[in-house]
Structure formats: structure tokens, C-alpha cells
Amino acid sequence: MNIEEFKKSSEYALFIRENSGIGRLKIRAYAASEALPVSGLNIIVSSVVSGMKIIFYSGVTDSSGIIDTLELPCPKLLSNLEIPKTIKYDIEVVGGNTFSINMYDGVCVVQNINYTGDIYGN
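Cut-offs used in this document
Residue positions are counted from 1 within each chain, in the order its sequence is given. Side-chain atom pairs in this predicted model are given and counted only at pLDDT of 80 or more, local residue features only at pLDDT of at least 70, and totals for whole chains, interfaces and linings cover all residues. Water and hydrogen atoms were dropped before computing side-chain values, which therefore reflect all heavy atoms in the structure. Numbering goes from the N terminus for both helices and strands, where a helix is a DSSP run of H or I of at least four residues and a strand is a run of E of at least two. Exposure classes here rest on a 1.4 Å probe applied to the protein chains alone. A residue is buried below 20% of its type maximum, exposed above 50%, and partly exposed in between. Between two residues, a contact is recorded if the distance between any of their heavy atoms is within 4.5 Å. In short, Shrake-Rupley with a 1.4 Å probe defines the accessible areas, and a residue's cover is counted only from the protein chains shown. Residues scored as positive are Lys and Arg, those scored as negative are Asp and Glu, and His as well as the terminal groups of each chain are ignored. Taken as the charge centre is NZ of Lys, CZ of Arg, CG of Asp or CD of Glu, depending on the residue. Whether two aromatic rings pair depends on their centres lying within 6.5 Å, for rings of Phe, Tyr and Trp, where Trp uses its six-membered ring; planes under 30 degrees apart make the pair stacked, over 60 edge-to-face, and the rest tilted. Identification of polar contacts relies on pairs of N or O atoms within 3.5 Å, with a donor-acceptor requirement for protein atoms, meaning one able to donate a hydrogen and the other able to accept it, and with residues adjacent in sequence counted only if both atoms are side-chain atoms.

Asker: Help me understand the overall build of the protein in this model?
Answerer: The secondary structure content of the protein amounts to 2 helices and 8 strands. Along its sequence from the N terminus, the protein presents helices and strands in the succession α-α-β-β-β-β-β-β-β-β. Taken over the C-alpha atoms alone, the protein extends approximately 45 × 35 × 20 Å along its principal axes. Out of the 122 residues in the protein, the part that is buried amounts to 35%. The long-range fraction of contacts in the protein, counting pairs at least 24 apart against all pairs at least 6 apart in sequence, stands at 60%. Accessible surface for the protein amounts to roughly 7,300 Å². Of this, 49% is attributable to carbon and sulfur atoms. The centroid of the 10 positive side-chain charges in the protein is displaced by 5 Å from the centroid of its 13 negative side-chain charges.

Here it is as C-alpha cells:
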């Protein structure tokens, strides 16, 4: 289910109440020890909510191999004195690996993807 469909569901109100903060995600895809950016790499960012896989983003890396600053819901940080709560997101490279990350309110997470496939489509 994509995020637009999820927003119409009854579970969305509870989810957004528990995840009213915003975490930011930047994805960098490269090959050859960071020498070559990988453009056009299909990426899906999802999380499991109420037993359903919700797709928060689906798109491709730009000419620099980057998907820049996605804003994702996460638990709100209420105090600097408490351990921050987190939400897990999965970053799937279509036809490749999946990475799991934890997102926190007010934090920008950078996920580097070292792509080992054929970047020239041969």
C-alpha cells in the first residue's frame, strides 16, 4: 500500500499521532569506491505499520546518484533527557539489496549504497 492510500485508512490517524516528528533521509548510490554516481537506480522506502507494508517513497536516484532529503514520520522527541524513540524503515534497491535504518525526530540519516551491478546496462 502506498502512503496516499494509507492516509485514507483508519490506522493512519493512530500512526501519525505516534509519529508526529520528522526525520530526514538522504540516499547516495555509487559504484567503483565512490568514483561513479549511479543514476536511475530504483529505490523504495517502506515501513511495516499495523502489519501492512506501507511505501513512503518510490523513485530513482538523480544524475548525481542522490535522492535528497525525504521527510519521513517518526516519533517526536519530547525531551533531551530521555532515550529517543525510533521507527524502522526499509530502503530497497529494486533488484538488489535491502537496508534497514532507524529514523529519529530532527535527524538526517544518510544511507550510502555501494552498487555492484552493471551501471551501463550492458
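Asker: What exactly am I supposed to notice about the packing of aromatic side chains here?
Answerer: Working definition: an aromatic ring pair is given by the centre-to-centre distance plus the angle between the planes. For the structure shown, the criterion picks out 4 aromatic pairs. Arranged with centres 5.6 Å apart and planes meeting at 70°, the rings of F6 and F15 form a pair that is edge-to-face. The buried category is assigned to F15, whose relative accessible area is 5%. Here the aromatic rings of F56 and Y89 are separated by 5.3 Å at their centres, their planes lie at 80°, and the arrangement is edge-to-face. Here F56 is found in strand β4 (residues 52-60), whereas its partner Y89 is found in strand β6 (residues 87-93), with 33 residues between them in sequence.

Asker: What is the right way to read the side chain of S47 from this model?
Answerer: Within the secondary structure layout, S47 lies in strand β3 (residues 42-49). Given the relative accessible area of 3%, S47 is considered buried. Polar side-chain contacts of S47 include one of 2.8 Å to the backbone oxygen of K88. The residues touching S47, leaving out its near neighbours within four places in the chain, are M52, K53, I54, F56, I87, K88 and Y89.

Asker: Sorry if this is basic, but what is going on with the side chain of D90 here?
Answerer: By the secondary structure assignment, D90 is in strand β6. Polar contacts involving the side chain of D90 include one to the side chain of S100, which spans 2.7 Å. If sequence neighbours within four positions are ignored, D90 has contacts with I44, V45, S46, T98, F99 and S100.

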